[in-house]
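# Geometric and topological summary
Next come the chains, spelled out residue by residue.
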Amino acid sequence: MEPMDYSQTFTVSAGQTDPWGRCRPSALLGMLQDTAAEASRSLGQDGPDLERLCGGHWILARLRWHLDRPLRRGETVTVATRYRGLQNALIYRDSLLVVQGREVGSAVTAWVVGDVVTRKMLWPDQLPEGLRKKAEAGPALKKLRVPQDLPEAYVHTARYSDIDENGHVNNARYADFCCNALSAEALGSGWVQTMELGYLNECRLGQRIVICAGEQSGQWAVRGTIDGAACFEARLELGEQG
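Residues take numbers from 1 onward in each chain, read along the sequence in its written order. It should be noted that, the model being predicted, local features are given only for residues of pLDDT at least 70 and side-chain atom pairs only at 80 or more, the latter also being counted only at that level, while totals for whole chains, interfaces and linings use all residues. Derived side-chain values reflect all non-hydrogen atoms in the structure, with water molecules and hydrogen atoms excluded from consideration.

## Some points on the overall build of the protein
Operational definition: Runs of H or I in DSSP of at least four residues are treated as helices and runs of E of at least two as strands, each being numbered from the N terminus. This radius of gyration counts C-alpha atoms alone. The globule rule is 2.2 Å times how many residues there are, raised to the power 0.38. Note on definitions: a residue-residue contact is assigned when non-hydrogen atoms from the two residues lie within 4.5 Å. Note on areas: Shrake-Rupley, 1.4 Å probe, and residue coverage restricted to the protein chains presented here. In this tally Asp and Glu are treated as negative and Lys and Arg as positive; neither His nor the chain ends contributes. Note that the charge is assigned to NZ on lysines, CZ on arginines, CG on aspartates and CD on glutamates.
When helices and strands are tallied, the protein shows 4 helices and 10 strands. In the protein, the succession of helices and strands from N to C terminus is β-α-α-β-β-β-β-β-α-α-β-β-β-β. In terms of C-alpha radius of gyration, the protein reaches 17 Å, essentially the compact-globule figure of 18 Å for 242 residues. Dimensions of the protein along its principal axes, counting C-alpha atoms only, are 50 × 45 × 30 Å. In the protein, the proportion of contacts linking residues at least 24 apart, taken out of those at least 6 apart, comes to 70%. Of the roughly 11,900 Å² of accessible surface on the protein, 47% is carried by carbon and sulfur atoms. The positive charge centre, built from 27 side chains, and the negative charge centre, built from 30, are 2 Å apart in the protein.

If you want it as structure tokens, here you go:
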């Protein structure tokens with residue numbers, strides 16, 4: 001992986017841990033999201049800049065992260081990131097997770113820019129010049145394909161604590177939705193080592209998400225729908241408890 005161009009440091013707090021003292025996937029996703037936002041701001045490409053330049057805002061479309069080990073309460077985690085560029089209408093960002101100078105994980109995120117009024121994706125020729133750079137070599141995130149016949153796990157209604165300033169469920173909350181769909185036995189005997197998420201349609205305040213999940217070939221597949229239309233799909237791999 002190429003050198004990173006921005007980094008931010010976090011300390012895993014008690015409020016970010018699960019019952020087993022591990023950093024929750026949603027907290028990790030929050031770190032990645034916050035670092036991407038600050039990195040974009042340093043390049044003059046954050047939300048207010050995009051709205052001024054093209055009437056757009058950032059939308060996370062796909063992500064994949066992997067950890068070599070769980071992150072624990074009290075650990076200081078540095079997220080180092082770089083803007084990779086545009087590939088097939090997706091804007092890629094690569095990140096590394098470092099604890100005490102040692103790499104413990106990595107992440108790839110793929111973003112699009114959406115119109116703040118119509119909420120439709122802007123195409124490359126509508127983007128500011130600084131975002132049209134062709135992506136350098138790196139892993140591509142393909143659209144997830146999870147089974148359509150997964151059993152229903154639960155139904156969640158989007159409420160105040162789910163919604164961010166863009167008026168929809170925050171990206172990090174979907175990691176909680178996924179983990180809540182897994183069995184207590186699965187999460188007690190293992191930990192989420194790899195997570196892939198595909199964001200398909202936004203969920204707004206008061207909408208009900210039917211969340212379905214199932215285990216297949218050692219992986220968990222999760223799918224959320226609103227009125228029958230998919231809003232997210234995910235795949236999780238669990239590491240052995242150590």
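Further notes follow.
## Here's the deal with the nonpolar core
Note the threshold: The set of buried Ala, Val, Leu, Ile, Met, Phe, Trp, Tyr and Cys residues whose side-chain atoms join them within 4.5 Å is what this entry labels a nonpolar core. Under the scheme applied here, a residue whose accessible area is under 20% of the maximum for its type counts as buried, over 50% as exposed, and between as partly exposed, the area being computed with a 1.4 Å probe on protein chains only.
In terms of nonpolar packing, the biggest core is built from 60 residues, with Trp65, Ile91, Val113, Leu197, Val222, Phe232 and Leu236 touching the most fellow members. Apart from the residues within four sequence positions on either side, tryptophan 65 is in contact with Pro25, Leu28, Leu32, Ser106, Ala107, Val192, Gln193, Thr194 and Met195. Counting 7 residues, the second largest nonpolar core, distinct from the first, contains Ala61, Tyr92, Ala110 and Leu141.

## Focus: the pairing of strand E8 (residues 208–216)
Going by this rule: When DSSP finds two or more bridges between a pair of strands, those strands are recorded as paired.
Bridge count for strand E6 (residues 152–157) against E8 is 5 bridges, and the pairing is antiparallel. Paired with tyrosine 154 across the bridge in E8 is isoleucine 211. As paired strands, E8 and strand E9 (residues 219–226) are joined by 7 bridges and run antiparallel to one another. The partner of glutamine 216 across the bridge, within E9, is glutamine 219. Linking E8 to E9, which pair antiparallel, is a turn of 2 residues; within it serine 217 sits at a positive phi near 55 degrees.

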